[in-house]
Amino acid sequence: MWRALTLAAFTLAAASVDAQTVVARSGEHDGFSRLVMRLPDGAPWSLRQSGQSAQVVIETPTVVFDTSRIFDLIPRTRLQSVSQAGPGQPLNLQLGCACEVTSFVQKDGYLVIDIADGPAGAERRVIAGSPLPLLPGTFNSAGYRFNLAARAAADARAALDLAGVTSGSSDRPNPVQRLPVAVADAPSAVVLPLNLNRTPRTNTEANPAGGTSVAAAPAPEPTPVPVQVDTDMLLDLSETERAATVNESEQRLLQQISRATNQGLLELVGVEVHDGPAGHILDPLSSRDRPLNPLDQISVTSSVDRETGLVARRSGDSNQPTHCLSSTQLAIHEWGTDEPFSDQISPLRAELVREFDDVDPAAVLTLARAYLFFGFGAEAQAILRMMPSGAAEHDDAVALTAMGAVLDGQDLGVNHAFAGQQVCDSEVALWAALADGTIKKNAKTDAIQQAFAKLPPHLRVQVGPRVSTLFAKAGDPHLAGATLRSVDRTGVDHVPEINLAEAEIAKLEGDVETVAQELTEEVAERTENAPRALIELIDLSFAERSALSPDVPDLAASYEVENRDSPLGMDLRRAVVSALALTGQFHDSFNELDALSRRDGPAARTAALEPLLTLLTERADDVTFLQYALVIAANGTPAEVAPIADIVAQRLLDLGFAQQAQSILKKLAMEPGNAKRRLLLAKAALAMDKPHSALVELMGLSGSEANKLRAEALWRNGEYARAGEYLLEEDEEDAAARGFWHSEDRENLATIDADVAQQFGGVARVTTQIEETAKEPSGLPPLAHARALVESSEGTRGGIADLLQKVTRQPELSEDGS
């Protein structure tokens, strides 16, 4: 007896030592649940599905599946239970839906099993780990098309028992004899009785030689169904892989055409929209698969998709647009009552945890909604972090988390739960506008107003000024004012951000005094919005070049200390620099600029430098201006000097620093359309006595100033006639007469009215008379010739005297330059 027990114990111990444990892990994803397990080295495996049950078979007699932690990360929705009868037995998967089970093996030897949502009543059989997707087409000469991935082509060929299908018997022939030679002479499409409902059964029998053998047990089979199969594809593996690649590329191309059409980049002609009995035909105009199929763990959305309201989401069965959240998910006005806060929150908190310390996802959502109803966004976000991973309520939790961030005024970035949904004709349009921080051109403003009107009074007070500000910035003062009137009707005396909203409306109407008054009142109230109001007040003073109170820089500096590490700190530091410059404290302003540069980087320095250098150029004395402008001209980057290059260069030219003016202008890439900058470069070249360079800068420019600069450059080159032509175009007759006179162009000189050309017109006329008078007489007797010479001399002397009278003598500079 003891010997038998000892032998049995040793046998069990040996079996346990030889057992191979396969640990199954899980993960929940959008639309499917995933199981991952490592296959034993070289072990064959298979996956079978029949209705709502599936089996994972690893053909190793000692394999044991460790499923103790499968349901730690996934709910019991798609997969209800797992079981194994004993070592070496299959792993039974009991499904909770009409799911589709697919699988593949990674390069590192891990078997991945995906349980995805499928159509109701769908059953699928997968053999040897390879799905066999069929895309049925119309029954024509081409027959069925097998849309096989390149990875699954080999497994698919092995899975199709062609010889057994042809004969219709259950006997499995030798694999070498599956395709008879007669098939080579058969037509390209033959009729084969294909049975897709066969489920293999295995019986284990003792083998006299030792071990076990597996034999297929006969089972009753339904009548085979004739199906057309393309034998060329079945016989040619490379052709099968090529066809699968083409099919995948075709679907991608159609999806890209769909995106381009929905974005207005393409216009399709003659495209029908339908789902036929042969399966879904991808329709570029439908709302399915827009803008891309949701990938596993990846959602691809472009900036154009966000602007047009297209978000990568799974399409539903409703007629509503797939990218819009339903109003029931955002009905915040239904999430609370008029009862006191404590009476509503306390019972909900007590329901959070069920037995065994299990958090109830539904209770989490209910409590978070209650917090949101009272306007507590941070508290709702904290409660939602208790949501169990992989819960079915995950999508609702994401939307509620975004609502909490919106209520607290947090920055959600570009990609958030409400992205691209301002075009929706539902309550989500309001939350999308608040999350985006702007109202887009294609937004449904009526839906935004209606959703705002549904909010409880305290929430209208909380977000009303922000909504009004958004409408004002969008250029709609009517809706902005209507929103504020709705807030006033609540009867609440103190409304946060009301002054900022009214200032934004006044700014839209051009009432600068009212804007300054509202901002000043907001700053005086010392509310949490006072720093932002102070920043806007300083920016307004700079834009209007208005006076600023001397204590404003100190007030801005104190707010900067309080908010130094907050997102508002950078704007406050920039405001301090501008405020010091507005009060004329340029040295202190540049010191603050250096501190800002060290803390916030070059981008913040560039933003703060524009108002500082503008005020320096407009208000500083010459010495202070040159102290900083010359440094900027030598060391400034193109980004820093771009906004103020023109005005700084102009003042440098006026002060005689042409080379420095040219240096600051040369830092910028010359744009063909920037005529003002090219005129300044021409002025700098003339000041540096480089007329040829000035003419190069003036090439292609027209206008009065360009012609005058061109005439000056030509004059310095000695081309007086051409200079006179440009001056004559600008009605500078006197200067043009001077040019024609210097170039001895009598023809053009005669066209100028001497009365119009006050100085050089008369000079030219007297000069002509002197030339005529000074001509030596000829053909006269000696006495008459002598008398003519005397008269010519007297006339010439009188003409010279008249010429000297017509020329205005330029005043000479004294030694002190005055």
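Residues numbered from 1 in each chain as written. Predicted model: local features only at pLDDT ≥ 70, side-chain atom pairs only at ≥ 80, totals over all residues. Heavy atoms only, no water.

Let's talk about the overall build of the protein chain
Then, in step 1: Assigned secondary structure in the protein chain consists of 33 helices and 17 strands.
Then, in step 2: Within the span of the protein chain, comprising 818 residues, buried residues form 40% of the whole.
Then, in step 3: Taking all contacts inside the protein chain whose residues are at least 6 apart in sequence as the whole, residues at least 24 apart take part in 54%.
Then, in step 4: Per element, the accessible surface of the protein chain, about 45,000 Å² overall, is 52% carbon and sulfur. (Helix = DSSP H or I, 4+ residues; strand = E, 2+ residues; numbered from the N terminus. Buried < 20%, exposed > 50% of the residue type's maximum accessible area, 1.4 Å probe, protein only. Contact = heavy atoms within 4.5 Å. Areas by Shrake-Rupley, 256 points an atom, 1.4 Å probe, with all protein chains shown as cover.)

Here's the deal with the sheet that holds strand β4 (residues 53–58)
Hydrogen bonds between backbone atoms are what pair the strands of a sheet, whose relative direction is either parallel or antiparallel.
Then, in step 1: Strand order in the open sheet formed by 4 strands is β3-β4-β7-β6, with antiparallel pairing between adjacent strands. Single-partner strands in this sheet number two, and they are β3 (45–50) and β6 (79–84). For this sheet, the mean inter-axis angle between neighbouring strands, taken without regard to orientation, is 15°.
Then, in step 2: Where β4 meets strand β7 (residues 91–95), 4 bridges bridge the pair, whose relative direction is antiparallel. Bridging across to β7, Gln 55 finds its partner in Asn 92. (Pairing = 2+ DSSP bridges. Axes fitted to C-alpha atoms, helices over the stretch in contact; angles between N-to-C directions.)

Some points on the packing of helix α20 (residues 586–600) against helix α21 (residues 602–619)
When two helices pack together, you describe them by how their axes are tilted relative to each other and by the distance separating the axes.
Then, in step 1: Viewed as axis vectors pointing N to C, α20 and α21 meet at an angle of 170°, and their least axial separation amounts to 9 Å. On the basis of the axis angle, α20 is roughly antiparallel to α21. Counted together, Phe 586, Ser 589, Phe 590, Leu 593, Asp 594, Leu 596, Ser 597 and Asp 600 of α20 and Pro 602, Ala 604, Arg 605, Ala 608, Leu 609, Leu 612, Leu 613, Leu 615, Leu 616 and Arg 619 of α21 form the full contact between these two elements.
Then, in step 2: Of the residues that constitute the contact of α20 with α21, the class distribution is 12 nonpolar, 2 polar and 4 charged. (Parallel < 35°, antiparallel > 145°, perpendicular 65-115°, else oblique. Nonpolar A, V, L, I, M, F, W, Y, C, P; charged D, E, K, R; others polar.)

What about the environment of Gly 375?
Then, in step 1: Structurally, the position occupied by Gly 375 is in the loop between α8 (361–373) and α9 (377–384).
Then, in step 2: Judged by its relative accessible area of 10%, Gly 375 is buried.
Then, in step 3: Separated by 29 residues in the primary sequence, Gly 375 and Gly 404 have C-alpha atoms spaced 8.0 Å apart.
Then, in step 4: Look past the residues within four positions of Gly 375 in its chain and what remains in contact with it is Leu 407, Asp 408, Leu 459 and Gln 462.

A short note on the state of the cysteines
Then, in step 1: In total, this model carries 2 disulfides according to the counting rule given.
Then, in step 2: Here Cys 97 pairs with Cys 99 through a disulfide, and the sulfurs are 1.7 Å apart.
Then, in step 3: A sulfur-sulfur distance of 1.9 Å marks the disulfide that ties Cys 324 to Cys 424. Across the disulfide from Cys 324 to Cys 424, rotation about the S-S bond amounts to roughly -85°, and the bridge is consequently left-handed. Placement of Cys 324 in the loop between α6 (303–308) and α7 (341–350) and of Cys 424 in the loop between α10 (394–407) and α11 (428–436) is noted, with a sequence separation of 100 residues between them. The exposure classification of Cys 324 matches that of Cys 424, with both residues buried. (Disulfide = S-S within 2.5 Å.)

What about the packing of aromatic side chains?
Then, in step 1: Following the criterion strictly, the structure yields 6 aromatic pairs and no others.
Then, in step 2: Measuring from centroid to centroid gives 5.4 Å for Phe 341 and Phe 376, while their planes differ by 50°, and the two rings are tilted. Here Phe 376 lies in the loop between α8 and α9 and Phe 341 lies in helix α7, a separation of 35 residues in the sequence.
Then, in step 3: Classification of Phe 341 as partly exposed rests on a relative accessible area of 33%. (Phe/Tyr/Trp six-rings, centres within 6.5 Å; stacked < 30°, edge-to-face > 60°.)

Topic: the pairing of β7
Then, in step 1: Burial along β7 is one-sided: the face carrying Leu 91, Leu 93 and Leu 95 is buried and the face carrying Asn 92 and Gln 94 is not.
Then, in step 2: Note that β6 and β7 share 5 bridges and pair antiparallel. Residue pairing across strands places Gln 84 opposite Leu 91, the latter belonging to β7.
Then, in step 3: Once β6 ends, the chain turns through 6 residues before running back antiparallel as β7, passing Gly 88 with a positive phi of about 85°.

Notes on the nonpolar core
The tendency in soluble globular proteins is for nonpolar side chains to be buried as a group.
Then, in step 1: By size, the foremost hydrophobic cluster in this structure holds 64 residues, and its most contacted members are Met 403, Phe 418 and Trp 431.
Then, in step 2: Looking at which element gives the most residues to this core, the answer is α8, with 9 residues.
Then, in step 3: Not counting chain neighbours up to four residues away, the residues in contact with Trp 431 comprise Leu 330, Ile 332, Met 403, Val 406, Leu 407, Phe 418 and Leu 455.
Then, in step 4: Within the second largest apolar cluster, 60 residues are counted, among which are Ala 608, Leu 653, Leu 681 and Ala 684. (Core = buried A, V, L, I, M, F, W, Y, C linked by side-chain atoms within 4.5 Å.)

Overview of unusual backbone geometry
Then, in step 1: Positive phi, close to 55°, is recorded for Arg 545, a residue that is not glycine.
Then, in step 2: Of note, Arg 545 is situated in the loop between α17 (530–544) and α18 (552–562).
Then, in step 3: Residue class for Arg 545 comes out partly exposed when judged on its relative accessible area of 32%.
Then, in step 4: The phi dihedral of Asp 689 is positive, around 55°, even though this residue is not glycine.

Details of helix α15 (residues 498–508)
Counting along an α-helix, one turn takes 3.6 residues, and residues three or four places apart therefore face a common direction.
Then, in step 1: Counting buried positions along α15 yields 8 of 11 residues, so the element is predominantly enclosed.
Then, in step 2: Taken residue by residue, α15 has Ile 498, Asn 499, Leu 500, Ala 501, Ala 503, Glu 504, Ile 505 and Ala 506 as its buried positions.
Then, in step 3: Buried residues along α15 sit against α13 (457–473), α14 (477–488), α16 (512–524) and α17.
Then, in step 4: Two residues or fewer after α15 comes Gly 510, characterised by a positive phi angle close to 80°.

With respect to the sheet that holds strand β9 (residues 110–116)
Then, in step 1: Taken in spatial order, the 5 strands of this open sheet run β5-β1-β2-β9-β8, and their pairing is mixed. What marks the edges here is a single partner per strand, and that holds for β5 (63–66) and β8 (100–105). Pairwise comparison of adjacent strand axes, ignoring direction, gives a mean angle of 25° for this sheet.
Then, in step 2: As paired elements, β8 and β9 share 6 bridges and run antiparallel to each other. For Thr 102, the partnering residue across the bridge sits in β9 and is Asp 114.

Regarding the side chain of Thr 60
Then, in step 1: Topologically, Thr 60 is positioned in the loop between β4 and β5.
Then, in step 2: Setting aside its immediate chain neighbours within four residues, Thr 60 contacts Gln 20, Ala 43 and Gly 88.

Observations concerning the pattern of salt bridges
Then, in step 1: On inspection of all chains with the given rule, the structure shows 24 salt bridges.
Then, in step 2: When the shortest N-O distance is used, the salt bridge between Lys 666 and Glu 697 registers 3.6 Å. You can see Lys 666 sitting in helix α25 (residues 658–666) and its partner Glu 697 sitting in helix α27 (residues 691–697), a full 31 residues away along the chain.
Then, in step 3: The network of salt bridges with shared partners includes Glu 560, Arg 564, Arg 573 and Asp 600. (Salt bridge = Lys/Arg side-chain N within 4 Å of Asp/Glu carboxyl O.)

Quick word on a negative patch on the surface
Then, in step 1: Together, Asp 488, Glu 502, Glu 521 and Glu 525 give the surface a local cluster of negative charge.
Then, in step 2: On the secondary structure map, Glu 525 appears in the loop between α16 and α17.
Then, in step 3: With relative accessibility at 43%, the residue Glu 525 sits in the partly exposed group. (Patch = residues over 30% accessible without salt bridge, like charges linked within 9 Å, V, L, I, M, F, W, Y side chains within 5 Å. Lys, Arg positive; Asp, Glu negative; His and termini not counted. Charge placed at Lys NZ, Arg CZ, Asp CG, Glu CD.)

Overview of the environment of Gln 49
Then, in step 1: Relative to the helices and strands, Gln 49 is located in strand β3.
Then, in step 2: Residues Gln 49 and Asn 92, spaced 43 residues apart in sequence, show a C-alpha to C-alpha distance of 9.9 Å.
Then, in step 3: Among the polar contacts listed, one links the side chain of Gln 49 to the backbone oxygen of Cys 99, at a separation of 2.8 Å.
Then, in step 4: At 3.2 Å, the side chain of Gln 49 forms a polar contact with the backbone nitrogen of Val 101. (Polar contact = N/O pair within 3.5 Å; in protein donor to acceptor, adjacent residues only side chain to side chain.)

Concerning the confidence of the model for the protein chain
Then, in step 1: For the protein chain, the mean per-residue pLDDT works out to 74, and 66% of the residues sit at or above 70.
Then, in step 2: Below pLDDT 50 for its whole length, residues 810–818 participates in 1 contact with residues either more than four positions away or in separate chains. (pLDDT = per-residue confidence, 0-100.)

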